[in-house]
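Structural description and commentary
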2 protein chains.
Amino acid sequence: MRIAVLTFEGFNELDSFIASAMLNRVKQPALKALIVCPTAQVASMNGVVVHTQAPLAFAREADAVIVGSGVKTREIVRDAALMGELRLDPKRQIIGAQCSGALVLAKLGLLAGVPACTDMTTKPWVQEAGIEVLNQPFVAHGNVATAGGCLGSHYLAAWTIARLAGWRAAEAVVHYVAPVGQKDEYVERARTALAPYL
Amino acid sequence: MRIAVLTFEGFNELDSFIASAMLNRVKQPALKALIVCPTAQVASMNGVVVHTQAPLAFAREADAVIVGSGVKTREIVRDAALMGELRLDPKRQIIGAQCSGALVLAKLGLLAGVPACTDMTTKPWVQEAGIEVLNQPFVAHGNVATAGGCLGSHYLAAWTIARLAGWRAAEAVVHYVAPVGQKDEYVERARTALAPYL
């Protein structure tokens, strides 16, 4: 199964890479997460240049889409051409957004009538879009999830893995990436955060 | 102050980017972390191509150096030319290694006589180098630290920030990047992990 991790100019490295690195740990069934940018390469909020691994249109074919975060998301959602390319479909795709990625899902109408999670900086803009923001790291409604706080992206990744490959696969990846000596604690915390949404 | 985040071919995205993104959050005093590769660009273990932000020699001038991890570290430490470029100096530099980065510090003689932290996969190779491996996420001796488990890199980043800019700055960054609703808990856990080494 293939996952698009949408990564825009000015992206936050934590949000795109925690998700993609965790998703790519799943080998059975094989998940393949690709960094997907609107252009051949983009620079992060800290000037790190990365190459796209697939064209933007891949987001429509992927089994799951994670919308990363960054410092330019408010400009991105005003880019009609770019947003027009993102015809995501929650009926056949698992869709998640990290931090300011919630603004993209809001613009696409995917958060209509449901509360969302986002980071503290983005919160007023998500509220401005008429969406209630929760004081928790993760929430999902059906196939659409949002997460808030950079390191909260490990919950979003774990939920995506659980939905695509089952909880045992998600648990194994959380265990693998967790700090040494704190692995059971991390798995337990992820289980608690995600259990209502699995 | 400037920090080199050493990032080699086959690198683990979590290890280089959790560290660099957290370090770049510190504005007072300004920390600037750069992704530093031995070549103009490298590909991650999942095929993500990134551009170096400074030449390898920058690692010798930087105030701090974080050695990232990856799937080719055992080959890298056998590359005499590359290792010869890394004349790190713990007398004037803060030095940390994440997961298999410990093999680089071991090769440079920076872990002589002290136990280290690393991930479960790298553990036997670090032990083979005659170094005791601890079942905990983080340890430091003077200016040299090691961390184990991908997400343990947030402890390594916090310690580096604390050493360069003080604990209050480190605490503020951990609070910022922590999942929403779990920020105090994350700060407290980081404090507990790092207190013996500050």
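Computed from a predicted model, the values in this text were never measured in an experiment. (Residues numbered from 1 in each chain as written. Chains lettered and ligands numbered in written order. Predicted model: local features only at pLDDT ≥ 70, side-chain atom pairs only at ≥ 80, totals over all residues.)

**Considerations on the packing of helix α7 (residues 153-165) of chain A against helix α9 (residues 183-194) of chain A**
Residue and element names in this part refer to chain A. Running from N to C, α7 and α9 point in directions that differ by 75°, and their axes come no closer than 10 Å. Here α7 is positioned roughly perpendicular relative to α9, judged by the angle of their axes. Each of Y155, A158, W159 and A162 in α7 lies in contact with α9, whose residues at this interface are A190, A193 and L194. The residue inventory of the contact of α7 with α9, partitioned by class, reads 7 nonpolar, no polar and no charged. (Axes fitted to C-alpha atoms, helices over the stretch in contact; angles between N-to-C directions. Helix = DSSP H or I, 4+ residues; strand = E, 2+ residues; numbered from the N terminus. Parallel < 35°, antiparallel > 145°, perpendicular 65-115°, else oblique. Contact = placed C-beta atoms within 7 Å. Nonpolar A, V, L, I, M, F, W, Y, C, P; charged D, E, K, R; others polar.)

**Concerning the environment of L156 of chain B**
All names here are of chain B. When you line up the elements, L156 lands in helix α7 (residues 153-165). Spatially, the C-alpha atom of L156 lies 16 Å from that of P90, the residues being 66 residues apart in sequence. The contacts of L156, once residues within four sequence positions are left out, are A19, I66, G96, Q98, F138, A145 and A147.

**Some words on helix α1 (residues 13-23) of chain A**
The buried count for α1 of chain A comes to 11 of 11 residues, which makes it a mostly enclosed element. Within the span of α1 of chain A, buried status applies to E13, L14, D15, S16, F17, I18, A19, S20, A21, M22 and L23 of chain A. (Buried ≥ 20, exposed ≤ 12 C-beta atoms within 10 Å, placed from the backbone.)

**Describing the confidence of the model for chain A**
Of all residues in chain A, 100% have pLDDT values of 70 or greater, and the mean over the chain is 97. Both scores are available for the predicted complex, with the pTM at 0.98 and the ipTM at 0.97. (pLDDT = per-residue confidence, 0-100.)

**Details of the sheet that holds strand β6 (residues 94-98) of chain B**
Within a sheet, adjacent strands bond to each other through the backbone by hydrogen bonds, running parallel or antiparallel. Residues and elements named next belong to chain B. Taken in spatial order, the 6 strands of this open sheet run β2-β1-β5-β6-β8-β7, and their pairing is mixed. Pairing within the sheet leaves two strands with one partner each, and these edge strands are β2 (32-36) and β7 (138-141). Sheet twist, expressed as the mean angle between neighbouring strand axes with direction ignored, is 15°. Bridge count for strand β1 (residues 2-6) against β2 is 5 bridges, and the pairing is parallel. What sits directly across from I3, in β2, is A33. In the packing of α7 onto the sheet, the strands contacted are β1, β5 (64-67), β6, β7 and β8 (144-147), and the crossing angle to β6 comes to about 175°. (Pairing = 2+ DSSP bridges.)

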